[in-house]
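A structural walkthrough
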Amino acid sequence: MNLKYISMEEKYLLPAAKLVEEVFTDHENEKEGKLVRSLVEEIRRLDSYIPSLELIAVDENDNVVGYVMMSGFHLNGNYKDKLLILTPAAVKTQLQRRHISKNLIELGFEKAIQMGYEAVIVEGNPLNYRARGFVTAFDHGILPGKTVHLPAIECLMVKELKEGALENIRGTVEYYDYKVLLDE
């Protein structure tokens, strides 16, 4: 299978949102699928949205089969020019375990480094992110706040894009900027 890994283009906005909804519906439930799609659509409207860090994998038939979004993030209003959040990541269910999300995430890291970002936060299964260099955020003074609901503290992770960045980044992760997550 020949895939192109590219930044978002307007013609893929709707197919990418549909892919995200389908994948999260398949793996969680319909409510979660709609929620994550709504999150994508909300982030696209925020000042923290970075179009070049909304990445997709497109197959030879021009279908979106993989998706990763990294957008600007802050801790207590700090680090807006240094910190990103990776959310969500999705790969067509039938194509998972073929390194599609890995390739998208690595492309995102390359672009983010070029743009001067220093670290990326992610919430998810540590088994999916440790191989990409993520470590437990708590161990670096980055704590989950009231709006972050984790099954375990290890599910909030961070990765340095610039060596030594985590020595100076501390604070609490809150999702107040995402209305769709607060309405739950």
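Summarised in this report is the structure supplied together with it. The shown structure was predicted, so the numbers you read here are calculated from the model rather than taken from an experiment. (Residues numbered from 1 in each chain as written. Predicted model: local features only at pLDDT ≥ 70, side-chain atom pairs only at ≥ 80, totals over all residues. Heavy atoms only, no water.)

Attention now moves to the sheet that holds strand S1 (residues 4-7). Ordered in space as S1-S2-S3-S4-S5-S8-S6, the seven strands form an open sheet in which the pairing is mixed. For this open sheet the edge positions go to S1 and strand S6 (135-136), each flanked by a neighbour on one side alone. Alignment of strand S4 (residues 83-91) against strand S5 (residues 119-123), held across four bridges, turns out to be parallel. Its bridge partner being in S5, Leu86 is matched across the sheet by Val122. The sheet contacts of helix H2 (residues 30-45) involve strand S2 (54-58), strand S3 (64-72) and S4, and relative to S3 the element is tilted by about 50°. (Pairing = 2+ DSSP bridges. Helix = DSSP H or I, 4+ residues; strand = E, 2+ residues; numbered from the N terminus. Contact = heavy atoms within 4.5 Å. Axes fitted to C-alpha atoms, helices over the stretch in contact; angles between N-to-C directions.)

Counting 40 residues, the largest nonpolar core has Ile56, Tyr67, Phe73, Leu75, Ile121, Ile142 and Val173 as its most contacted members. Among the elements of the structure, helix H1 (13-27), H2, S2, S3, S4, S5, strand S8 (156-160) and helix H5 (179-182) are those that each provide at least two residues to this core. Within the second largest apolar cluster, 24 residues are counted, among which are Ile50, Val65, Leu95 and Phe134. (Core = buried A, V, L, I, M, F, W, Y, C linked by side-chain atoms within 4.5 Å. Buried < 20%, exposed > 50% of the residue type's maximum accessible area, 1.4 Å probe, protein only.)

Time to look at the side chain of Glu174. Here Glu174 is to be found in the loop between strand S9 (171-173) and H5. One buried charge, Glu174, has no salt-bridge partner; the nearest side chain with opposite charge is Lys146, at 5.6 Å. Here the side chain of Glu174 touches Thr147 through a polar contact of 2.5 Å, side chain to side chain. (Lys, Arg positive; Asp, Glu negative; His and termini not counted. Salt bridge = Lys/Arg side-chain N within 4 Å of Asp/Glu carboxyl O. Polar contact = N/O pair within 3.5 Å; in protein donor to acceptor, adjacent residues only side chain to side chain.)

Under the 1.5 Å per step criterion, the end-to-end length of H2 is 23 Å for 16 residues, consistent within 8% with the ideal 22 Å. Burial in H2 covers these residues: Gly33, Leu35, Val36, Arg37, Leu39, Val40, Glu42, Ile43 and Arg44. Residues of H2 that are buried make contact with H1, S2, S3, S4 and H5. The residue sitting at the N-terminus of H2 and contributing the capping side-chain oxygen is Asn29; that oxygen lies 3.1 Å from the backbone nitrogen of Lys31. (Expected span 1.5 Å × (residues − 1).)

That is the geometry; function is a separate question.
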